[in-house]
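Residue-level structure breakdown
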Amino acid sequence: MNITDKVVVITGGASGLGGACVDWFVRHGAKVAVLDRRIPDPTADPQIVYLEADVTQADSVAAVMDKIAEQLGEIRVCINCAGIAPAGKTVGRDGALALDKFRQVIDVNLIGSFNVLRLAAEKMLALEPLDADGARGVIINTASVAAFEGQIGQAAYAASKGGVAAMTLPIARDLGPRGVRVNTIAPGVFETPMMAGLNEEFVKPLEQAVQFPKRLGRAEEFAKLAAHIVDNDYLNGEVIRLDGGIRMGPR
Ligand SMILES: CCCCCCCCCCCCC[C@H](O)CC(=O)SCCNC(=O)CCNC(=O)[C@H](O)C(C)(C)COP(=O)(O)OP(=O)(O)OC[C@H]1O[C@@H](n2cnc3c(N)ncnc32)[C@H](O)[C@@H]1OP(=O)(O)O
Ligand SMILES: NC(=O)c1ccc[n+]([C@@H]2O[C@H](COP(=O)([O-])OP(=O)(O)OC[C@H]3O[C@@H](n4cnc5c(N)ncnc54)[C@H](O)[C@@H]3O)[C@@H](O)[C@H]2O)c1
């Protein structure tokens, strides 16, 4: 799908990987709607609309989708980057992990992603096809390598990202007949404010665990893959690791 003048909804676009996607898609001529719980001072850029919303809230996200369609036009791409990655051992020094802590991670990362994509897909399915294939839209979710090799303290996070990875194909099967492609990126370890939450002593082993290049990923490298997924009409139903070949150890 050619991205010029298309409307792209990016959750978590106020920071990190989502923010890099905002920059990339604006630079390549898209109209971008940022859905985030933290909104920076709205830019003067007419190509970007910032909308404050919590991805876990059904009604507010539905209202925001309506606003985006009214303000920017037909939603053709939805990129789910909003997420949290708190750590907590199943049983830590303070005893069993509080269930609400586990629930919150699932709520934001898994349920929040589904909440947004289901409403974006509903908008896409009502649109005219863009080409002879019948393409109507593209959805990209964000999992993590933790979905496959979660570390100590990542039970909740890994479960949430495992769910994001696992739902990719069934949602692609649901939406394929109506021309919407669904893929998921599973990033390795990327230089973002989220990673800054991890003690430096824990980051070094992760950097060393990357096969090549031995460094953290750059947010623009994530955006470049997201852009390729949108551009390549034959990519569908896939979870794509973007990780320099890292296979994480227990810690
Ligand atoms: C409440 C703690 C705040 C932690 C913030 C976490 C931010 C996470 C940011 C990640 C964002 C990127 C996510 C992305 O998808 C990619 C990845 O998944 S990269 C992998 C990210 N890894 C983690 O998030 C690991 C999470 N786990 C931990 O941080 C810890 O295990 C813990 C849950 C905080 C528990 O640690 P402790 O309470 O210290 O208990 P332990 O028994 O495990 O510690 C014993 C001993 O080992 C040392 N240690 C603990 N964790 C690590 C580690 N990850 N690397 C190296 N060493 C570790 C710990 O210091 C103890 O040493 P001691 O004090 O006994 O000398
Ligand atoms: N940074 C990494 O190494 C890495 C690796 C693998 C996967 N990921 C995933 O990539 C995504 C982006 O991570 P990042 O590193 O850019 O993090 P980040 O913390 O820089 O950005 C996350 C954004 O999501 C927003 N957000 C969080 N909860 C929200 C909610 N309930 N509603 C709306 N917005 C919400 C935050 O406000 C923030 O702007 C996350 O899903 C994360 O789990 C990150």
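Residues numbered from 1 in each chain as written. Chains lettered and ligands numbered in written order. Predicted model: local features only at pLDDT ≥ 70, side-chain atom pairs only at ≥ 80, totals over all residues. Heavy atoms only, no water.

- The chain appears in an unreviewed UniProt entry as 3-oxoacyl-ACP reductase from Arenicella chitinivorans.
- Per its UniProt entry, the chain bears the Sequence similarities (unreviewed entry) comment "Belongs to the short-chain dehydrogenases/reductases (SDR) family." (UniProt positions renumbered as here; feature names shortened; annotations may be inferred.)

A look at the sheet that holds strand S8 (residues 180-187)
- Pairing in this open sheet of seven strands is parallel, and the strands run S3-S2-S1-S4-S7-S8-S9 from one edge to the other. The open sheet has two free edges, formed respectively by strand S3 (48-52) and strand S9 (239-242), since each of these has just one partner strand. Strand-to-strand, the axes of this sheet are offset by a mean angle of 20°, without reference to chain direction.
- Two elements, strand S2 (residues 31-36) and S3, share five bridges in a ladder whose sense is parallel. Opposite leucine 35, over in S3, you have leucine 51 as the bridge partner.
- Contacts from helix H3 (residues 99-125) reach strand S1 (7-11), strand S4 (75-80), strand S7 (137-142) and S8, with the element oriented near 170° to S4.
- Against the sheet, helix H5 (residues 155-175) engages S7, S8 and S9, with an angle of about 165° to S8. (Pairing = 2+ DSSP bridges. Helix = DSSP H or I, 4+ residues; strand = E, 2+ residues; numbered from the N terminus. Axes fitted to C-alpha atoms, helices over the stretch in contact; angles between N-to-C directions. Contact = heavy atoms within 4.5 Å.)

Some remarks on the packing of H3 against H5
- For the pair H3 and H5, interaxial distance at closest approach is 8 Å and the crossing angle is 20°. Relative to H5, H3 is oriented roughly parallel. Every pair of crossing elements has a handedness; the one defined by H3 and H5 is right-handed. Facing Phe102, Val105, Ile106, Asn109, Leu110, Ser113, Phe114, Leu117, Ala121 and Leu125 of H3, the residues of H5 in contact are Ala155, Ala156, Tyr157, Ala159, Ser160, Lys161, Gly163, Val164, Met167, Ile171 and Leu175.
- Of the residues assigned to the contact of H3 with H5, the class counts are 16 nonpolar, four polar and one charged. (Parallel < 35°, antiparallel > 145°, perpendicular 65-115°, else oblique. Left-handed = near helix turned anticlockwise from the far one by under 90°. Nonpolar A, V, L, I, M, F, W, Y, C, P; charged D, E, K, R; others polar.)

A word on the site of ligand 1
- What surrounds ligand 1 is a group of 21 residues, the closest being Ser144, Gln151, Ile152, Tyr157 and Arg251.
- Backbone polar atom of isoleucine 152 to a nitrogen atom of ligand 1: 2.9 Å apart, as the coordinates give it.
- Here an oxygen atom of ligand 1 and a side-chain polar atom of arginine 251 are 2.9 Å apart.
- Within the complex, the protein chains bury 66% of what would otherwise be the 1200 Å² of accessible surface of ligand 1. (Near = heavy atom within 4 Å. Polar contact = N/O pair within 3.5 Å; in protein donor to acceptor, adjacent residues only side chain to side chain. Areas by Shrake-Rupley, 256 points an atom, 1.4 Å probe, with all protein chains shown as cover.)

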